[in-house]
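# Architecture at a glance
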Amino acid sequence: MQAVEITDTVWERLLALCSGSGETPAGDDPATALYAPIAGARGPFVLAQVGQSLDGRVATPSGDAANVSGPDGLAHLHRCRALVDAVVVGVSTVKADNPRLSVRLAQGPSPVRVVIDCHGALDGREGLFHDGGAPVIVIESTSAPARPLPNAEILRMPPSGTGLATGAIVNALAGRGLNRLLVEGGARTIARFIEEGQVDRLHVAISPLIIGTGPSGITLPPVARLSDALRPPAEVFSLGSDILFDCVLTTSGRQGKKVDVADGT
């Protein structure tokens, strides 16, 4: 297991790589191995991130998710936000958590905030429309009633099946110069991006916490046999308070395969 230690020098070089004004930092230190693939991506690149307990939960049954990740797991999440162009969440995550989706625990810019709201469930009173933070893009189906939302761009897309095609979302955001994406929640949104083959890297940060029951971090269709389970190559990093699995996933979905993002988290 590799221990991640972020020095100011390494982080400044990673931010420079992200902005296109620097090169990949030399050396084989764990921080560079973990973050350079994100910072150095130069085309559509999707990172999915899950912070969960030892028993695979992201919240209690009542929805309390405030302390699932330890302090180092949270700092890692904010570093990932600083290295991407946009952070993507489903509408239920906004409804349940009222997140700011900003960079506060690391040096770097806050990403554009993207909410997938297929059926137009947001009403404009949610906090991210009024906090004066990074720009907000709301993606909804053309079948949803059109209505304005304060301080946000609304991107309407034709539905595909029961929702919106994740590949089309990736392409639409890339067309706006938002190439590096962090899909942060919730479980079904992350699962849809994975099912479609739109995720390049999956980060699963595990905190030494046992919740017992509650929602899981990724909700994928069941498999009958373990031989059918997805077994991605992975590197394991110690963040300090949390352990991180950095998994490499295929991106065959970029060649035109579609998946639907249903209404949900």
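Residues numbered from 1 in each chain as written. Predicted model: local features only at pLDDT ≥ 70, side-chain atom pairs only at ≥ 80, totals over all residues. Heavy atoms only, no water.

### Overview of helix 1 (residues 8-19)
Its twelve residues place the ends of helix 1 16 Å apart at the C-alpha level, agreeing with the 16 Å of an ideal helix rising 1.5 Å per residue. Inspection of helix 1 places Val10, Trp11, Leu14, Leu15, Leu17 and Cys18 among the buried residues, and these make up the whole buried set. Here the buried residues of helix 1 occupy an arc of 160° about the axis, which is enough to place them on one side. In helix 1, the exposed positions angled more than 90 degrees off the buried face are occupied by Asp8 and Ser19. Two residues or fewer past helix 1, glycine 20 is found with a positive phi of approximately 85°. (Helix = DSSP H or I, 4+ residues; strand = E, 2+ residues; numbered from the N terminus. Expected span 1.5 Å × (residues − 1). Buried < 20%, exposed > 50% of the residue type's maximum accessible area, 1.4 Å probe, protein only. Arc of directions from axis to C-beta.)

### Describing the packing of helix 1 against helix 3 (residues 71-83)
As a packed pair, helix 1 and helix 3 sit with axes 10 Å apart at the nearest point and diverge in direction by 35°. Only Arg79, Ala82 and Leu83 of helix 3 make contact with helix 1, whose side of the interface consists of Trp11, Leu14, Leu15 and Cys18. Residue classes in the contact of helix 1 with helix 3 are distributed as six nonpolar, no polar and one charged. (Axes fitted to C-alpha atoms, helices over the stretch in contact; angles between N-to-C directions. Contact = heavy atoms within 4.5 Å. Nonpolar A, V, L, I, M, F, W, Y, C, P; charged D, E, K, R; others polar.)

### Remarks on the packing of helix 2 (residues 30-39) against helix 3
Taken N-terminus to C-terminus, the directions of helix 2 and helix 3 make an angle of 30°; their axes are 9 Å apart at the nearest point. Relative to helix 3, helix 2 is oriented roughly parallel. The chirality of how helix 2 crosses helix 3 is right-handed. Residue-level contacts link Leu34, Tyr35, Ile38 and Ala39 of helix 2 to His76, Arg79, Cys80 and Leu83 of helix 3. Taken together, the residues of the contact of helix 2 with helix 3 sort by class into six nonpolar, one polar and one charged. (Parallel < 35°, antiparallel > 145°, perpendicular 65-115°, else oblique. Left-handed = near helix turned anticlockwise from the far one by under 90°.)

### Thoughts on unusual backbone geometry
For the bond running from glycine 185 to glycine 186, omega is -5°, close enough to zero to count as cis. Topologically, glycine 186 is positioned in the loop between strand 8 (180-185) and helix 6 (187-195). A positive phi angle is found at asparagine 98, which is not glycine, with a value near 50°. Residue position: asparagine 98 is located in the loop between helix 4 (91-97) and strand 4 (112-116). One non-glycine residue, asparagine 151, adopts positive backbone phi at about 55°. By secondary structure assignment, the location of asparagine 151 is in the loop between strand 5 (136-141) and strand 6 (153-157). For asparagine 151, a relative accessible area of 61% translates into the label exposed.

### With respect to the side chain of arginine 201
Inspection of the secondary structure puts arginine 201 in strand 9 (residues 201-207). Accessibility expressed as a relative area gives 17% for arginine 201, which makes it buried. Of note is the side chain of arginine 201, whose polar atom sits 3.0 Å from the side chain of aspartate 246. Leave out the neighbours within four places in its chain, and arginine 201 touches Pro37, Phe45, Val46, Leu47, Ala48, Asp246, Cys247 and Val248. (Polar contact = N/O pair within 3.5 Å; in protein donor to acceptor, adjacent residues only side chain to side chain.)

### A short note on the nonpolar core
Among the nonpolar cores identified, the biggest contains 39 residues, and Tyr35, Ile38, Leu83 and Leu122 are the most heavily contacted of them. If you list the elements that add at least two residues to this core, you get helix 1, helix 2, strand 2 (45-53), helix 3, strand 3 (86-90), helix 4 and strand 5. In this structure isoleucine 38 touches Phe45, Leu47, Cys80, Leu83, Val84, Arg180 and His203, once residues within four positions along its chain are discounted. The next biggest cluster of nonpolar side chains, apart from the first, holds 30 residues, and it includes Val46, Leu164, Leu178 and Leu181. (Core = buried A, V, L, I, M, F, W, Y, C linked by side-chain atoms within 4.5 Å.)

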